[in-house]
Number of protein chains: 2
Amino acid sequence: METPGQPKAQSFEQRIPEGDDRLRRVCQDCGFVDYENPKVVVGSVATWGDKILLCRRAIAPRIGYWTLPAGYLEIHESAVDGACREAWEEARAELEIDQLLGVYSIPRISQIQLIYRARLVTPDVSAGPETQELDLFDWADIPWDDIAFPSVHWALNDFDAVRGMTGFAPRGNPAGETGAM
Amino acid sequence: METPGQPKAQSFEQRIPEGDDRLRRVCQDCGFVDYENPKVVVGSVATWGDKILLCRRAIAPRIGYWTLPAGYLEIHESAVDGACREAWEEARAELEIDQLLGVYSIPRISQIQLIYRARLVTPDVSAGPETQELDLFDWADIPWDDIAFPSVHWALNDFDAVRGMTGFAPRGNPAGETGAM
Ligand SMILES: [Zn+2]
Ligand SMILES: [Zn+2]
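Residues numbered from 1 in each chain as written. Chains lettered and ligands numbered in written order. Predicted model: local features only at pLDDT ≥ 70, side-chain atom pairs only at ≥ 80, totals over all residues. Heavy atoms only, no water.

As annotated in an unreviewed UniProt entry, chain A is NUDIX hydrolase from Denitrobaculum tricleocarpae. Heading Cofactor (unreviewed entry) of the UniProt record for chain A holds this comment: "Mg(2+)". (UniProt positions renumbered as here; feature names shortened; annotations may be inferred.)

Structure, rendered in C-alpha cells:
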C-alpha cells in the first residue's frame, strides 16, 4: 500500500507524447506527462532611503548567503503581487513597487526572473521563516563576497546603474552571462 | 496493460504534500506531485517599416482570429530566444529585438506574458503550421474586431503609445484589466 506523501521511486521515462514534438517526462505507471515549464521568479531591490534590503537565506540552496527577497510566482498571481508577497514572506516588508528593474533569463535552470525596483513603506522589516537575518545595507556595505546567486549581483548592479532614472528599459543579463554557478 | 500515449483516466487528488503549505494535485496512483506553475508566454509586436505583423490562428483556442506571434517559453530557453523562435515558427519571421514592450499578468490562467518590440529583418514572412494566413498591417487596417485575445489589444495599444520612444519602462495590464475573456 502506498503511504500518502511518500511517492514511489522515480518511474518517469523520456518520451515524445502523441501529438507533441519534444521529449517529455512521462510516468511509466500512469501515463502522466510532466510538461516541464520554465519557472518565473519574482523579487525586488527594495530600499528605505539609500539602504537596500538583503536577506540571509535560512534554506537551501545557498544557506547563509545574502539574497534579495524573491521566489517563485504562484499560480493565479500577478508578477507584482508575487514580488510583494515574497517581500512579506521573507522580510515582513511592505513594498511600493516602482518599476521593473531587470528581466533575467537563466536557461540552464529554466528560470525567468522579474526583479522590480521598490520602496519600503516602512523600515520595519523582520526575518520570515526562510530568512536567518536581514538588514538594510548602505551600498558600500553590501556583502559582495557572500551573495547567494549571480542574478542578485546583476540586480544590485543594475539598481546602481539606473539610480536616479525613471522610465528606463529594464535591464537584462550582463553580456554573455547565463547565471550558471 | 497500459498503452503508451494513453494516460489512464485522471487519478489526481488535491492534497497538501509533506513539507508544503498549499494544496497541490497529487497522483493517487504513484504520488507524483504536480507543482503547477505559472506559464511564460513570449512574443513580439514585429514591424516592417510602419506595418505590423499579425497572424490568423490555425489552432484552438480562437481559431481564425488574429494574434501576435507568441507562445509558451520552452525549458532552457531565454525570453528573447523564445520570442524569436515563436516568430519563426508562426510566421517564418526573423526578428531584431528592440526592447521589452509589455509585461502582462493574466492570473486567471496563470500566465505572464513578455512581449517585445521588434523589427523584421526582412519582409519575407509566411504562415507556419499554426497560422492560417498572415499579413503586415498598417495601423489603420488592423482587424480590431477579430483580435484573438485581450492581451493582443493591450500590446498593440502599448506599441502605439510608445511610438518613437526608446528606453521606456515596459507597460503592464491596463488599469483594472485581468485578461479574462
Ligand atoms: Zn504516475
Ligand atoms: Zn500517477
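Colleague: Break down the interface of chain B and chain A for me, with residues and values.
Modeller: Contacts between chain B and chain A engage 47 residues on the former and 46 residues on the latter. Here chain B meets chain A over a buried area of about 3600 Å², counting both sides, of which 60% is carbon and sulfur. At the junction of chain B and chain A, the tally comes to two salt bridges. The residue A:Arg24 makes a salt bridge to B:Glu74 at a minimum N-O spacing of 3.8 Å. At the boundary of chain B with chain A, the tally comes to ten residue pairs in polar contact (both at pLDDT 80 or more). Listing elements by their share of the side of chain B that touches chain A, those giving two or more residues are strand 1 (12-15), strand 2 (24-27), strand 4 (39-48), helix 1 (79-91), strand 8 (95-106) and strand 9 (111-120) of chain B. The biggest single contributor to the side of chain B that touches chain A is strand 8 of chain B, with four residues. (Contact = heavy atoms within 4.5 Å. Buried area = accessible area lost by both parts, 1.4 Å probe. Salt bridge = Lys/Arg side-chain N within 4 Å of Asp/Glu carboxyl O. Polar contact = N/O pair within 3.5 Å; in protein donor to acceptor, adjacent residues only side chain to side chain. Helix = DSSP H or I, 4+ residues; strand = E, 2+ residues; numbered from the N terminus.)

Colleague: Could you give me a rundown of the sheet that holds strand 1 (residues 12-15) of chain A, with the residues and numbers involved?
Modeller: Residue and element names in this part refer to chain A. The sheet built from three strands is open, its strands ordered 1-2-3 with antiparallel pairing. Edge strands, defined here as strands with exactly one partner in the open sheet, are strand 1 and strand 3 (33-34). Summarising the sheet, strand 2 (residues 24-27) and strand 3 pair through two bridges and their orientation is antiparallel. Across the sheet, Val26 pairs through a bridge with Val33, a residue of strand 3. (Pairing = 2+ DSSP bridges.)

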